[in-house]
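So the chains spell out like this:
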Amino acid sequence: MNILMHKFIPINDKEISALQNARQIFCDCYLTSSLNAFCRTQNGRKLLQQNIQKSVSGSGGFKIHFPDVKSKPEDVFVSEKEIKNLQLTDLLLNPVEHEYEENPIQKAVEISMNKLLDKHPSLKSFICMYATCVEDFEYNFPSVFMKIFTGHNPITINEKTIRMTLKSKKERVLELFNELDKKNGDFNFVAGTGFSFRKGFDDWHCFTVESVNANANTVNLRNSRTCNTVTVDFDTFIKKFKYLVGYISKDFTRKDI
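Residues numbered from 1 in each chain as written. Predicted model: local features only at pLDDT ≥ 70, side-chain atom pairs only at ≥ 80, totals over all residues. Heavy atoms only, no water.

A.B. asks: Help me out: how do you make sense of the overall build of the protein chain in this one?
C.D. replies: Along the backbone of the protein chain there are eight helices and 10 strands. Here the C-alpha radius of gyration of the protein chain, 18 Å, is about what a compact globule of 257 residues would show, namely 18 Å. With the C-alpha coordinates of the protein chain rotated into their principal frame, the extents come out at 55 × 45 × 35 Å. Residue burial in the protein chain is summarised as follows: out of 257 residues, 49% are buried. A separation threshold of at least 6 residues defines the contact pool for the protein chain, and within that pool the share at least 24 residues apart is 64%. For the protein chain, the exposed surface amounts to about 12,800 Å²; the carbon and sulfur share of it is 50%. Counting 35 positive and 31 negative side-chain charges, the protein chain places the averaged centre of each group 4 Å from the other. (Helix = DSSP H or I, 4+ residues; strand = E, 2+ residues; numbered from the N terminus. Rg over C-alpha atoms; globule rule 2.2 N^0.38 Å. Buried < 20%, exposed > 50% of the residue type's maximum accessible area, 1.4 Å probe, protein only. Contact = heavy atoms within 4.5 Å. Areas by Shrake-Rupley, 256 points an atom, 1.4 Å probe, with all protein chains shown as cover. Lys, Arg positive; Asp, Glu negative; His and termini not counted. Charge placed at Lys NZ, Arg CZ, Asp CG, Glu CD.)

A.B. asks: Looking at this structure, I do not really get helix α7 (residues 170–182). What am I missing?
C.D. replies: The periodicity of an α-helix, 3.6 residues per turn, causes residues three or four positions apart to be oriented the same way. Between the first and last C-alpha of α7 there are 19 Å, a value that for 13 residues agrees with the 18 Å anticipated at 1.5 Å per step. At the C-terminal side of α7, Asn 184 shows a positive phi close to 50°. (Expected span 1.5 Å × (residues − 1).)

A.B. asks: Explain the sheet that holds strand β1 (residues 8–10) here, please?
C.D. replies: Strand order in the open sheet formed by four strands is β1-β2-β3-β4, with antiparallel pairing between adjacent strands. The outermost strands of the open sheet, each flanked by one partner alone, are β1 and β4 (72–78). For this sheet the average axis-to-axis angle between neighbouring strands, irrespective of direction, equals 30°. Against the sheet, helix α3 (residues 42–51) contacts β1, β2 (52–55) and β3 (62–69), and its axis sits at roughly 45° relative to β2. (Pairing = 2+ DSSP bridges. Axes fitted to C-alpha atoms, helices over the stretch in contact; angles between N-to-C directions.)

A.B. asks: How should I be thinking about the pattern of salt bridges in this particular structure?
C.D. replies: When their charged atoms lie close together, side chains carrying opposite charge are able to pair. Counted by the stated rule, this structure contains nine salt bridges. Put simply, Asp 235 and Lys 170 hold a salt bridge, and the shortest N to O gap is 4.0 Å. In this pair, Asp 235 sits in helix α8 (residues 234–240) while Lys 170 sits in helix α7, placing the two residues 65 residues apart along the sequence. Relative accessible area serves as the criterion here: at 39%, Lys 170 is assigned to the partly exposed category. (Salt bridge = Lys/Arg side-chain N within 4 Å of Asp/Glu carboxyl O.)

A.B. asks: What is the right way to look at the packing of helix α2 (residues 29–39) against helix α5 (residues 104–119) in this model?
C.D. replies: Interaxial distance between α2 and α5 falls to 11 Å at its minimum, and their mutual angle equals 130°. By the angle class used here, α2 and α5 are oblique. α2 and α5 meet at a crossing whose hand is right-handed. Residues Tyr 30, Leu 31, Thr 32 and Leu 35 of α2 form the contact with α5, whose own contacting residues are Gln 106, Val 109, Glu 110 and Met 113. Each residue belonging to the contact of α2 with α5 can be placed in one class, and the counts come to five nonpolar, two polar and one charged. (Parallel < 35°, antiparallel > 145°, perpendicular 65-115°, else oblique. Left-handed = near helix turned anticlockwise from the far one by under 90°. Nonpolar A, V, L, I, M, F, W, Y, C, P; charged D, E, K, R; others polar.)

A.B. asks: What's the story with the packing of aromatic side chains in this structure? I'm lost.
C.D. replies: Aromatic rings considered in pairs are described by the distance between their centres and by the relative angle of their planes. Per the stated rule, a full pass over the model turns up 15 aromatic pairs. Relative to Phe 241, the ring of Phe 207 has its centre 5.5 Å away and its plane inclined at 70°; by these criteria the two rings are edge-to-face. Separated by 34 residues along the polypeptide, Phe 207 in strand β7 (residues 206–213) and Phe 241 in the loop between α8 and β10 (243–248) bring together distant segments of the chain. Accessibility classification places Phe 207 together with Phe 241 in one group, the buried group. Through pairs of rings, three or more aromatic residues link up here, namely Tyr 30, Phe 38, Phe 66, Phe 145, Phe 149 and Tyr 247. If you follow Arg 23 out to its NZ or CZ, it ends over the ring of Tyr 100, 4.1 Å from the centre. (Phe/Tyr/Trp six-rings, centres within 6.5 Å; stacked < 30°, edge-to-face > 60°. Lys NZ or Arg CZ within 6 Å of the ring centre and 35° of its normal.)

So, in structure tokens, the structure goes:
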């Protein structure tokens, strides 16, 4: 991809709205749920426009900006050909057919993570390296992606501990939920499950926190794998979810542009 031949402009509101409704195709719920979370707030959408720019010249493609890769900013360029060539396959690299519409912006971010991981393997959490996957960008913690994509450390509750529920963090979770309820949706949070024999939610899966109702003691969670929303009461959430990661009313926009 000859970068000198390309002029880049920020993605627009329509493209962000399409990204918000994009379905998870690969095993990267940490990434899709985080992007979904950013789509939901004004500052998050500004962040997406700042960090994801599309080419309006040459053969197309995207420039993905990561403000904090090993304490330095880094731009990753993804071509239209690379986006087209990214296919869901099985472990033997046989194409897996599916009926879902693929979002080119989501794929561009996924490919950019592949390129970053090729250059900086430690960006993938050590425990996630044990998961069997085809693409390097599959399986990771949302805090890893959020930090390099925003340049800010997210709030994390129980994400990388060995505890598989939030029972020991109940007081902190309820405190956070009450705070999120007062923000009227102005937050960017992801909730993740761990390993559990209890039925109801997939193991090791991330959901976007859409809204919190402290009066009803419920939280609405968006599943990017199925593109639907489920309502869960606080007690059930604490028993069946492992962690919370995200930001409250954060201004992510760079000061140098």
